[in-house]
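Here is what each chain is made of, one letter per residue.
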Amino acid sequence: MSYCHDIHLDKNFDRAAFAAAAIDIRTLIRRSEIELAGPSGRPNSLPVVEELRITFNGVNHNCVCGSSEPEVLPRCPRECRAYDRWGSDAGQPFEVDVTPTAYWNRSRKRQIWFDCKTYHKPYDEMVKMSMIALKHHLGDSVELSSKGNWAYHWGAGYELAGRPPKRERGGAVEVYEHVFPDRAPVQNILASESIGF
């Protein structure tokens, strides 16, 4: 099993709340220092954060395709593949697309399922911050799980009796709280977690 995060979204989710989460994710992208690209990972491509679609990836610095070429090329060389986990900062794109055309492709009984395998690449921190923003706005309409541990991988830290929480500097939780201080402290948003490497 690879290091990944899962999102289960109720089919009757609040679209206005999703749009508000997208605005927060735009803010997080602007305010963080995490290098991101469009879903292909191609350098100079931009993350897509719209009212009903959020998708981005890390930057694949090995990609040799020009930025003016279409995102998906049938003859794109191996080094341009976003899923190539070796030698690239790109992995599987984080994609939460609830537009009507994509909606039914990922649908289960009462939920829409999304996953993202980040392989612990640098863009993983933005994936986690995006999940925190989705949970903040969508509440019980979204269930999140992660192979990462909330205290360690997500950077929430741990508490010892009588001391403030000990955190890893720059973790997803700390950056999210820095950008949105009125929402601190962020409580554990994960329905399930495990230590995954």
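Residues numbered from 1 in each chain as written. Predicted model: local features only at pLDDT ≥ 70, side-chain atom pairs only at ≥ 80, totals over all residues. Heavy atoms only, no water.

Participant: Account for the layout of surface pockets, naming residues and giving values.
Facilitator: Roughly 210 Å³ of volume is contained in the second largest pocket. Residue lining of the second largest pocket: 14 residues in total, with Arg 31, Ser 32, Glu 33, Val 175 and His 178 positioned closest to the centre. Mapped by element, the contributors of at least two residues to the lining of the second largest pocket are helix H3 (124–138) and helix H4 (172–179). Sort the elements by how many residues they give to the lining of the second largest pocket and H4 lands first, with 5 residues. (1 Å grid on protein atoms, 1.4 Å probe; cavity = no way out; pocket = protein on both sides within 12 Å on 5 of 7 lines; lining within 4 Å. Points joined across faces, edges and corners; volume = space filled by probe spheres on them. Helix = DSSP H or I, 4+ residues; strand = E, 2+ residues; numbered from the N terminus.)

Participant: Summarise H4; cite the residues concerned and give the values.
Facilitator: Among all positions of H4, only Ala 172, Val 173, Tyr 176, Glu 177 and Val 179 are buried. Projected onto a plane normal to the axis of H4, the buried residues spread over an arc of 160° and lie on a single side. Buried residues along H4 sit against helix H1 (15–31) and H3. (Buried < 20%, exposed > 50% of the residue type's maximum accessible area, 1.4 Å probe, protein only. Arc of directions from axis to C-beta. Contact = heavy atoms within 4.5 Å.)

Participant: Which residues make up the packing of H3 against H4, and what values go with them?
Facilitator: Two elements in contact, H3 and H4, have axes whose closest approach is 9 Å; the angle formed by their N-to-C orientations is 55°. For the element pair H3 / H4, the angle class is oblique. Crossing angle aside, the handedness with which H3 passes H4 is right-handed. Mapping the contact onto sequence places Glu 125, Lys 128, Met 129, Ile 132, Ala 133 and His 136 in H3 and Ala 172, Val 173, Val 175 and Tyr 176 in H4. Grouping the amino acids of the contact of H3 with H4 by side-chain chemistry returns 7 nonpolar, 1 polar and 2 charged. (Axes fitted to C-alpha atoms, helices over the stretch in contact; angles between N-to-C directions. Parallel < 35°, antiparallel > 145°, perpendicular 65-115°, else oblique. Left-handed = near helix turned anticlockwise from the far one by under 90°. Nonpolar A, V, L, I, M, F, W, Y, C, P; charged D, E, K, R; others polar.)

Participant: Give a detailed account of the packing of aromatic side chains, specifying residues and quantitative values.
Facilitator: The tally for this structure, following the rule as stated, stands at 4 aromatic pairs. Here the guanidinium or amino end of Arg 183 rests over the ring plane of Phe 180, the centre of that ring lying 4.1 Å away. (Phe/Tyr/Trp six-rings, centres within 6.5 Å; stacked < 30°, edge-to-face > 60°. Lys NZ or Arg CZ within 6 Å of the ring centre and 35° of its normal.)

Participant: Residue-level account of the side chain of Asp 6, with values.
Facilitator: In this fold, Asp 6 is placed in strand S1 (residues 4–10). The buried charged residue Asp 6 lacks any salt bridge partner; its closest oppositely charged side chain belongs to Lys 117, at an N-O distance of 6.9 Å. A distance of 3.3 Å separates polar atoms of two side chains, one belonging to Asp 6 and the other to Trp 113. Contact partners of Asp 6, with chain neighbours within four places excluded, come to Trp 113, Phe 114, Asp 115, Met 131, Glu 143, Leu 144 and Ser 145. (Lys, Arg positive; Asp, Glu negative; His and termini not counted. Salt bridge = Lys/Arg side-chain N within 4 Å of Asp/Glu carboxyl O. Polar contact = N/O pair within 3.5 Å; in protein donor to acceptor, adjacent residues only side chain to side chain.)

Participant: I'd like a rundown of the side chain of Ser 45, residues and numbers included.
Facilitator: Residue position: Ser 45 is located in the loop between H1 and strand S2 (48–49). Within the structure, Ser 45 has its side chain in polar contact with the backbone oxygen of Arg 42 (distance 2.6 Å).

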